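Observations on the three-dimensional arrangement
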Amino acid sequence: MGQSEAANAPTDDVGGEGEDFDPIGTLTLIGIYFAILVLAWVYIYFVEFLGRDLVVVG
Amino acid sequence: MHIHAYEKLWLALSIVLILALIGTVTYGAVGPGVAMVADSQSTVDAAALDEDERFSEPRVEQVGENEYEAYIVAYQFGFEPSPIVVPANSTVTLHVTSRDVIHGFEVVGTSANTMAVPGEVSEITVETEEPTEYGLVCNEYCGAGHHVMEGKINVVSQSEFESRGGDSE
Amino acid sequence: MSTAIESEQTFVDKFPDEARVVRAAFLSSFFALLLGAIFGIIQTLHRTDVARIIPSTDYYTVLTAHGVFMVISFTIFFLVGLFTWALTRSLDRPLLNIKITWTWYGLMATGMTLTGISILAGFVDSIDMSADVLYTFYAPLQAHPLFYAGLTVFIVGTWIAGADWFRTFLAWRREHPDERIPLQTFMVLTTMTMWYIASSAVAASVLLFLLPWSLGFIDQVNPTLTRTLFWFFGHPVVYFWLMPAYMLWYTVLPKIAGGRLFSDPLARVVFVLFVLLSTPVGIHHQYLDPGIAEGFKFISMTNTMFLLLPSLLTAFTVVASVEYGARQRGGTGLLGWLTNLPWRKPEFTGMMLAGLMFAAGGFSGMVNAGMNINYLIHNTLWVPGHFHLTVGTAVALTMMAGTYWIWPQISNKPIYSSQIGLFQVVLWFIGMALMSNAMHAQGLLGVPRRTAEPEYSGFDYPTMFGGFEELNIQIAIGGTLLFVSTILFLGNLVLTMGNPKVSGLAEPLPSPVSGAEDAPQVLDNLRLWVGIALTLVVLAYALPIAAIINRGGLLGPGVGTYPVWLAPLFDALADAAAPLFGAVADLSASVVEVVR
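Residues numbered from 1 in each chain as written. Chains lettered and ligands numbered in written order. Predicted model: local features only at pLDDT ≥ 70, side-chain atom pairs only at ≥ 80, totals over all residues. Heavy atoms only, no water.

A short note on the packing of helix α2 (residues 24-49) of chain A against helix α14 (residues 346-369) of chain C
Close contact between α2(A) and α14(C) brings their axes to 10 Å; oriented N to C, the two are set at 35 degrees. Judged by the twist between their axes, the crossing of α2(A) over α14(C) is right-handed. Within the contact between the two elements, α2(A) uses Y33(A), L37(A), A40(A), W41(A) and I44(A) and α14(C) uses A359(C), G362(C), F363(C), M366(C) and V367(C). A class-by-class count of the residues in the contact of α2(A) with α14(C) yields nine nonpolar, one polar and no charged. (Axes fitted to C-alpha atoms, helices over the stretch in contact; angles between N-to-C directions. Helix = DSSP H or I, 4+ residues; strand = E, 2+ residues; numbered from the N terminus. Left-handed = near helix turned anticlockwise from the far one by under 90°. Contact = heavy atoms within 4.5 Å. Nonpolar A, V, L, I, M, F, W, Y, C, P; charged D, E, K, R; others polar.)

Below, the structure written as structure tokens:
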């Protein structure tokens, strides 16, 4: 937030740790999400959509 | 601007995903040849469809070997012709318009689906396989009787199609 | 805003006038939520044939009311309340003129009341007024003029709200010439920028075409043109619903989780991307429309796919902020930190479950955005399945959860029961999981959306995913749970309002791990972003709109008029009703005059 808000930061000493914080759990979760997205997309596009009757070709 | 290395990695993955999605759709267009409803047909006077050579008589007609054209009118609350009879194992180009409000044209359980807009003509080409029957529904709200608006597409054998006079009323 | 002062004072202590506006806006929002929920449960049970208490012809009145009350009144009244709070709080100064603030609130409330009356009159056969045109009001279906006039007044109200906030910001800027725009104010200003661009098209559609047409001044309109102008507005409006949720996820959720926002600069980047990309994408709602060239559809798809980027970035930033909070609270391990989060707080759990459902909605949204795969799901129940995950949960559940946190700040009254709150948000999640999943599945069966009776005489649906009947049961159960959850939310809030005022409820918001000083100055250059956004809009829309007008004419290629307020009588009575039409039109014109 802006400097006007930076002034109201809690005084606990976390600012310095910010540089060192590695959100490895977040990366893991979002990596799983990415894998689900890709698999679901492949299924819906190639199986559900292109696998049906009467695909519009013109 | 400081961006964490993991977030940079996620940004890169996200862009790869986006490009892959656009790539898949592009593949669908050039590989299996999926084409979009577009502006290929000229406009039509919705109030005077009986004066338009395409829609004065809703029908299915043969235009070449294994090639057929269907002219379909959606209206409150049905489709003409009813049922729409097309031959199996052939290429059928559907022309769909509306004579009143906006309707939908969805062949249930298939990938054939388009809007029926008064004044405009949707043109989609599909390839039929074995004889079967498909349900046809209007999937755009079109008035108080919307839920009764349905039709049929009957895919029949070539011989049966011809015995019907090669035409459906 | 110094720590010492804010830790003692809540928002209502510091800004009692603004807090009153925020409460009024929230209560308007929740009144709409109540109406929307009642119509929602009627509609769910009707569609699934569990209980049909209305004739099917009235289903579309119910559906119009559910749509308009939920996505116009509920969401936007909440937005104006939240933004008033956020702007005032983050600038730490009152609004310039509270009379102007009450003026726009009054306009919005008046406009929505008029539109609501025109919709609800559809239930009363003796009143020749109806607006059964659904939320999208596609011509040539025609609503009563009061419907369009009310929407216009409502939107003008939101425009004045935006002007109110911009003027207050500029006053702050004069007092603080060298400071960065506070993050929440930045979010308000960018969102309103997007709103001005987007709503200009629907205003043009209503004022130039639909309202004059419903009043009988012009005979016909071009359905493709008014539909295109609707979707010019209709896609960015979904981000208008979503931005309040994003604001809560970015600025309040990290605080509740016990941490701080991971990155202020990325939050700004995300909001700038929404300004740029929200609007030049609306044609993706028209992939299956005739009269629009495939190339225009492809451009719209490319823009739409890149619009995934800010949401994907948000997923990371918000989860990382929560992880940061968990680790501050002693969380360890790759995923073990998930147990160190305040899951007993409804404001936390509600927002987290809302975010989880948004991730699922992200998938069905990708499918909706894919140009040719649109043939598979267009106008099927898949689509409402999708937006009940996004606006129906990511937005609605975040707003409810956010209320548990913010209401004490704007009223000095503690929430009546956190346990009921927690039960309520979890119930919403379960109900929506059932309902939305089954709606997606029915969509893949080919079940159409927006219909009173999705069972047909001529064919049966394929029996995938458990089959049509079983999915109907899931939808009905899910919809019932959602209704119960809404009532619990509203009941909890009413009981909260009966609580006595107390002190010591103030909850200051912490500054980010990576702060604004880390963000390039150019991000705050709103003029630049407006310029680029307008350029993208022109690139995406100038040629398609020119082509549509060129094809069909400004007023359409020979298309009639289908007033739904005469729908029960169908066309037989249309001629007989013409003089009445004129009389009602005159009456409405005078109402419009009075309102103006």
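Anyway, onward from the coordinates.
Focus: helix α16 (residues 382-411) of chain C
Residue and element names in this part refer to chain C. In this model α16 runs 40 Å from its N-terminal to its C-terminal C-alpha over 30 residues, within 8% of the 44 Å that 1.5 Å per residue would give. At W405, α16 shows its largest bend, some 40 degrees, and a proline, P408, comes one to four positions later. Across the 30 residues that make up α16, a large majority, 29, are buried. With its phi angle positive at about 60 degrees, N412 sits one or two positions after the end of α16. (Expected span 1.5 Å × (residues − 1). Bend = angle between axes of the 7 residues up to and from the residue. Buried < 20%, exposed > 50% of the residue type's maximum accessible area, 1.4 Å probe, protein only.)

Re empty space enclosed by the protein
According to the stated counting rule, one finds five cavities of 30 Å³ or more in the structure shown. In this structure, the second largest cavity spans a volume of roughly 60 Å³. Lining the second largest cavity are L54(A), V86(B), V92(B), L94(B), V107(B), A112(B), V126(B), T128(B) and I153(B). Per-class residue counts for the lining of the second largest cavity are eight nonpolar, one polar and no charged. (1 Å grid on protein atoms, 1.4 Å probe; cavity = no way out; pocket = protein on both sides within 12 Å on 5 of 7 lines; lining within 4 Å. Points joined across faces, edges and corners; volume = space filled by probe spheres on them.)

Side note on the UniProt feature "domain: Cytochrome oxidase subunit I profile" (unreviewed entry) in chain C
Mapped onto this numbering, the UniProt entry gives "domain: Cytochrome oxidase subunit I profile" (unreviewed entry) at residues 26-500 of chain C. Spanning residues 26-500 of chain C, this segment combines 71% helix with 0% strand, and its end C-alpha atoms are found 19 Å apart. (UniProt positions renumbered as here; feature names shortened; annotations may be inferred.)

What to know about the pattern of salt bridges
All names here are of chain C. All chains considered together, the criterion is met by 19 salt bridges over all chains. The residue D17 makes a salt bridge to R20 at a minimum N-O spacing of 3.7 Å. Residue D17 and its partner R20 are both found in helix α3 (residues 16-47); the two are separated by three residues, about one turn of the helix. Of the charged contacts, one joins D264 and R268 as a salt bridge, the two residues approaching to 2.7 Å between their closest N and O atoms. With D264 and R268 both in helix α11 (residues 264-277), this residue pair falls four residues apart, about one helical turn. Comparing D264 with R268 shows no difference in burial state: the two are buried. (Salt bridge = Lys/Arg side-chain N within 4 Å of Asp/Glu carboxyl O.)

Brief notes about the domain arrangement of chain B
A common measure of how large an interface is: the accessible area buried when the components associate. Domain annotation for chain B reports domain 1 (1-34) and domain 2 (46-163). Placing the centre of domain 1 of chain B and that of domain 2 of chain B at their C-alpha centroids yields a distance of 37 Å. (Domains from an automatic or database assignment.)

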